[in-house]
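Understanding the architecture of this molecule
Given next are the chains, with one letter for each unit.
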Amino acid sequence: MAVDASSFIYQEIKKTKKKLDQAMARGDNETAAKLALRISELYKELARARKWGKKSALEMAEEYRRLYERLASGEPLPRAPRGSRGPGRPSGPRGGPGPGGDSEAGELDAEFDAEAEKLIAKADVTWSDIAGLEEAKKALMEAIYYSLARPSDPGVRLEPPRRFLLYGPPGTGKTMLAMAASNMLKATFINVSVDRVLSRYVGDSPRMISAIFRLAYRRAPSIVFFDEVETLVAKRDTGREAATGLVQTFLTELDGFKTKKLDKPVIVMAATNKPWMLDEAILSRFEKRIYIPLPDREARKEIFRLNIEGKGLRLEGITLDELADMTEGYSGRDIANACREATMMMLRRANPDIYKRLESVGSLAELQRQKYRVEPIRREEILAALKKVKPPITKEELRRYEEWARR
Ligand SMILES: Nc1ncnc2c1ncn2[C@@H]1O[C@H](COP(=O)(O)OP(=O)(O)OP(=O)(O)O)[C@@H](O)[C@H]1O
Ligand SMILES: [Mg+2]
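First, a word on what this report is: a plain description of the structure on this page. (Residues numbered from 1 in each chain as written. Chains lettered and ligands numbered in written order. Predicted model: local features only at pLDDT ≥ 70, side-chain atom pairs only at ≥ 80, totals over all residues. Heavy atoms only, no water.)

A tally of regular secondary structure across the protein chain gives 18 helices and eight strands. Looking at the 407 residues of the protein chain, the share that counts as buried comes to 47%. In the form shown here, the protein chain has an accessible surface area of approximately 21500 Å², with 52% of it arising from carbon and sulfur atoms. (Helix = DSSP H or I, 4+ residues; strand = E, 2+ residues; numbered from the N terminus. Buried < 20%, exposed > 50% of the residue type's maximum accessible area, 1.4 Å probe, protein only. Areas by Shrake-Rupley, 256 points an atom, 1.4 Å probe, with all protein chains shown as cover.)

Structure, rendered in structure tokens:
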């Protein structure tokens, strides 16, 4: 099956590399040449089977083809110093850690490590950017505090929670919370969309998950944020082997992580809009499960404030209190989007002539000197904007979250 082809090829490459190392150590160039050619072919197959990393797989194929030619021509190969990449091995495309017959991290693992690095994201959200959610904020701050500070009695050894599950309707601040926690901890923020990892790395996804945890340890303090964790289970239940392997790896890594001795904190946070899809195996690994509800009246008012007054804008003909009253059922994202939309309406009203102005400016520098007018956002503008972003969540759905939270 195409799904697991790359996983199979990966194993073959590892095995064949081991044999190649042994042949070269014996000085058996004839066998080594055959094996090098085989590895080159395997890398080409890997490039065909994968959606990503094709280029580096092809580069590896090329390097092993060159090694094959050198071996086949009978050219004597320099013996590499001990502890390096092994005798005459071609170097990896990224110059990552060498494989060596006995070393665990091969070129491919280095490749996964490099892919994982791409998931590091900026986290510039602070706690005060997040309205409401006091309980969630407190739980996260506590976890951070107790994972850094030391007990007054050095004999005391506690394990602060390291694994959090945030669940609730879409657009309620789950991603923001993870970013704020990361920001406070000055941590490496590793933002993993489980759905993307599954679809991009197909048969390789378990290896990618392991690479993500390696990255988290290497770059600690760090926060690993697994978004849309429920896709893990959804895909597994379709019986796709790749997903099953991924769930297993995910659980194993979460367990290993639980008992791992760490000098600097690593926190795993997972988020989902469909907590009921998660099974016991996954749920039980998260010692803290936090419901992230829709914003209440106070929080809605604060989100309006952040997105209007917080940006230096003003309202006319309507108050924040009125807005908070009329937006029950809206998520933070709905409100933020409505404010953005209303701001655009105000700008269009206040600057009807920008098209003409654009035509008359001659250069970018001139454009940068232009000033556009800013006026208060009118009642009818914010109301129209709110209508546009009608809350997509129904009472029925909301009840489902609340029932699940109670359980
Ligand atoms: N509690 C909040 N306080 C302030 N802004 C919020 C809040 N909740 C949501 N927002 C606004 O909505 C946007 C989306 O929030 P966020 O990405 O954290 O939602 P989410 O819960 O991760 O959503 P999803 O489940 O769809 O991933 C934010 O960028 C922010 O503008
Ligand atoms: Mg999110």
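Having put the structure on the table, let's press on.
Counting across every chain of the model gives 11 aromatic pairs. Relative to Y64, the ring of Y43 lies with its centre 5.9 Å away and its plane at 25 degrees, an arrangement referred to as stacked. With a gap of 21 residues between them, Y43 in helix α2 (residues 29-49) and Y64 in helix α3 (residues 54-72) connect regions that are remote in the sequence. According to the relative accessible area criterion, Y43 is buried, its value standing at 0%. Grouping aromatic residues by their ring pairs yields a cluster made of Y10, W52, F112 and Y201. Seen from the ring of W52, R50 lies directly overhead, with NZ or CZ sitting 4.1 Å from the centre. (Phe/Tyr/Trp six-rings, centres within 6.5 Å; stacked < 30°, edge-to-face > 60°. Lys NZ or Arg CZ within 6 Å of the ring centre and 35° of its normal.)

What follows covers the sheet that holds strand β1 (residues 120-121). Here we have six strands laid out as an open sheet, ordered β1-β3-β4-β5-β2-β6, and mixed in their pairing. Edge positions in the sheet fall to β1 and β6 (288-291), since each of these pairs with one other strand and no more. Examined bridge by bridge, β1 and strand β3 (residues 188-193) share two bridges and lie antiparallel to one another. Looking at β3, one finds that A121 is bridged to F189. Set on the sheet, helix α18 (residues 395-406) makes contact with β2 (163-167) and β6; between it and β6 the angle comes to about 150 degrees. (Pairing = 2+ DSSP bridges. Contact = heavy atoms within 4.5 Å. Axes fitted to C-alpha atoms, helices over the stretch in contact; angles between N-to-C directions.)

Right, let's talk about the pairing of β3 for a bit. Of the pairings in the sheet, the one linking β3 to strand β4 (residues 222-227) comprises six bridges and is parallel in character. The residue of β4 that forms the bridge with I190 is V224.

A few words on the pattern of salt bridges. Scanning the model with the defined rule gives 32 salt bridges in all. E375 serves as the salt-bridge partner of R349, at 2.8 Å between the closest nitrogen and oxygen. Separated by 26 residues along the polypeptide, R349 in helix α14 (residues 332-350) and E375 in the loop between α16 (364-369) and β8 (377-378) bring together distant segments of the chain. (Salt bridge = Lys/Arg side-chain N within 4 Å of Asp/Glu carboxyl O.)

Moving on to the site of ligand 1. Near ligand 1 there are 16 residues, and of these A131, G171, K174, T175 and N273 occur at the shortest range. One nitrogen or oxygen atom from the side chain of T175 is found 2.7 Å from an oxygen atom belonging to ligand 1. R333 places a polar side-chain atom, nitrogen or oxygen, 3.0 Å from an oxygen atom of ligand 1. About the coverage of ligand 1: the protein hides 82% of its 630 Å² of free accessible area. (Near = heavy atom within 4 Å. Polar contact = N/O pair within 3.5 Å; in protein donor to acceptor, adjacent residues only side chain to side chain.)

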